[in-house]
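Here are the chains, one letter per residue:
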Amino acid sequence: DVYKRQILRDPIERAYSDWWMMHSRGWDPLSFDAAINANLNRLEEGPDFSDPRDWVEHLAAIRDSGKVRYRTYVDYGFYGAQLSRYLEQGFHDRLLVLQFEQMRQHGISYLEKLFSFLELEPPGSERLQEEFARPRNQALPSRRIGQLVNLMYKLGVARYVPPGVKRAAKDLFGSHRHSDSITAETRARLKAIYQAQAKDLDYFPELDLSLWPSLRK
């Protein structure tokens, strides 16, 4: 049997995270606002990615040119439509929907829920605690690197750093990495879009939509 597991998060936060990953790697040169505009225009004019060949062209463009051809940050947040396809294919009892925000709150119990769904024996609680804590421990070197970059500017040695390295450091540690830099206009547009889609998630009561600011009135 095939099991499907989906982890969902606030769709605006997801869209920003997706864009930031593409932008920081040089695959999408546009700002977040411009990328969302391009995404919405593509949704109106096409393609709608219902044809698998659209995905082939999209991925081939990234591979061959290092740049995205289409932007899909908005439509990846249409969770209801995506999950309904699994239900149409008969995955009712083999589909587990988890929520990123609840996972952050409940951590270990969520991991245990996943093991139970997959009918696997979970590791001991100490092992789970160790694995769940690991990402926080790994984040420390990144903060130290960021502090080092700032120190280089203060000491006046940053001018000796190649421009490409400085751009990469700015992308990695700059303030635009955080979604609180989304403009109010773009956030309002996205919020209206996702609120209109919220009813499609009624079939999944395990989702606490109050944890998603995108869907709050």
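Refer to the preceding data block for the structure.
The notes below deal with the structure included here. Note that the structure is predicted; figures quoted are calculated from it, not measured.

**Description of the side chain of aspartate 75**
And then number 1: Considering the arrangement of structural elements, one finds aspartate 75 in the loop between helix H3 (52-65) and helix H4 (79-88).
And then number 2: Given a relative accessible area of 15%, aspartate 75 falls into the buried group.
And then number 3: Engagement of the side chain of aspartate 75 in a polar contact is seen with the side chain of arginine 42, the distance being 2.5 Å.
And then number 4: Residues contacting aspartate 75, with those up to four places away along its chain left out, are Asn39, Arg42, Leu43 and Gln82.

**A look at the packing of helix H1 (residues 11-24) against helix H9 (residues 184-197)**
And then number 1: In contact at an axis separation of 10 Å, H1 and H9 are set at 125° when each is read in the N-to-C sense. Here H1 lies oblique to H9, going by the angle between them. For H1 against H9, the interelement crossing comes out right-handed. On H9, the residues that touch Pro11, Ile12, Glu13 and Ala15 of H1 are Arg187, Leu190, Lys191 and Tyr194.
And then number 2: For the contact of H1 with H9, a count of residues per class yields 5 nonpolar, no polar and 3 charged.

**Let's talk about the pairing of strand E2 (residues 95-99)**
A regular strand carries its side chains on alternate faces of the sheet.
And then number 1: The element E2 is extensively covered by neighbouring structure, given that 5 of its 5 residues are classed as buried.
And then number 2: Two strands pair when backbone bridges link them, and strand E1 (residues 4-8) and E2 are joined in this way by 5 bridges, in the parallel orientation. Paired with isoleucine 7 across the two strands is leucine 98, which belongs to E2.

**A look at helix H2 (residues 32-45)**
And then number 1: Spanning 14 residues, H2 covers 20 Å between terminal C-alpha atoms, matching the ideal 20 Å at 1.5 Å per step.
And then number 2: Every buried residue belonging to H2 is among Phe32, Ala35, Ile36, Asn39, Leu40 and Arg42, and all of these are buried. Buried residues of H2, viewed axially, fall in a sector of 160°; they line one side. Across H2 from its buried face, at more than 90 degrees, point the exposed residues Glu44 and Glu45.

**Describing the nonpolar core**
And then number 1: Residues Leu83, Leu95, Tyr194 and Phe204 are the most contacted members of the largest nonpolar core, which totals 32 residues.
And then number 2: Listing elements by their share of this core, those giving two or more residues are H1, H2, H4, E2 and H9.
And then number 3: No other element matches the 6 residues that H1 contributes to this core.

**Focus on the pattern of salt bridges**
A side chain with one charge can pair with a side chain of the opposite charge if their charged atoms come near.
And then number 1: On inspection of all chains with the given rule, the structure shows 6 salt bridges.
And then number 2: A salt bridge links aspartate 64 to arginine 63; the shortest N-O distance between them is 2.9 Å.

**Re H4**
And then number 1: Within H4, the full set of buried residues consists of Tyr79, Gly80, Leu83, Tyr86 and Leu87. Buried positions in H4, seen along its axis, are confined to an arc of 120° and lie on one side of it.
And then number 2: Elements that come into contact with the buried residues of H4 comprise E1, H1 and E2.

Conventions we followed
Residues numbered from 1 in each chain as written. Predicted model: local features only at pLDDT ≥ 70, side-chain atom pairs only at ≥ 80, totals over all residues. Heavy atoms only, no water. Helix = DSSP H or I, 4+ residues; strand = E, 2+ residues; numbered from the N terminus. Buried < 20%, exposed > 50% of the residue type's maximum accessible area, 1.4 Å probe, protein only. Polar contact = N/O pair within 3.5 Å; in protein donor to acceptor, adjacent residues only side chain to side chain. Contact = heavy atoms within 4.5 Å. Axes fitted to C-alpha atoms, helices over the stretch in contact; angles between N-to-C directions. Parallel < 35°, antiparallel > 145°, perpendicular 65-115°, else oblique. Left-handed = near helix turned anticlockwise from the far one by under 90°. Nonpolar A, V, L, I, M, F, W, Y, C, P; charged D, E, K, R; others polar. Pairing = 2+ DSSP bridges. Expected span 1.5 Å × (residues − 1). Arc of directions from axis to C-beta. Core = buried A, V, L, I, M, F, W, Y, C linked by side-chain atoms within 4.5 Å. Salt bridge = Lys/Arg side-chain N within 4 Å of Asp/Glu carboxyl O.

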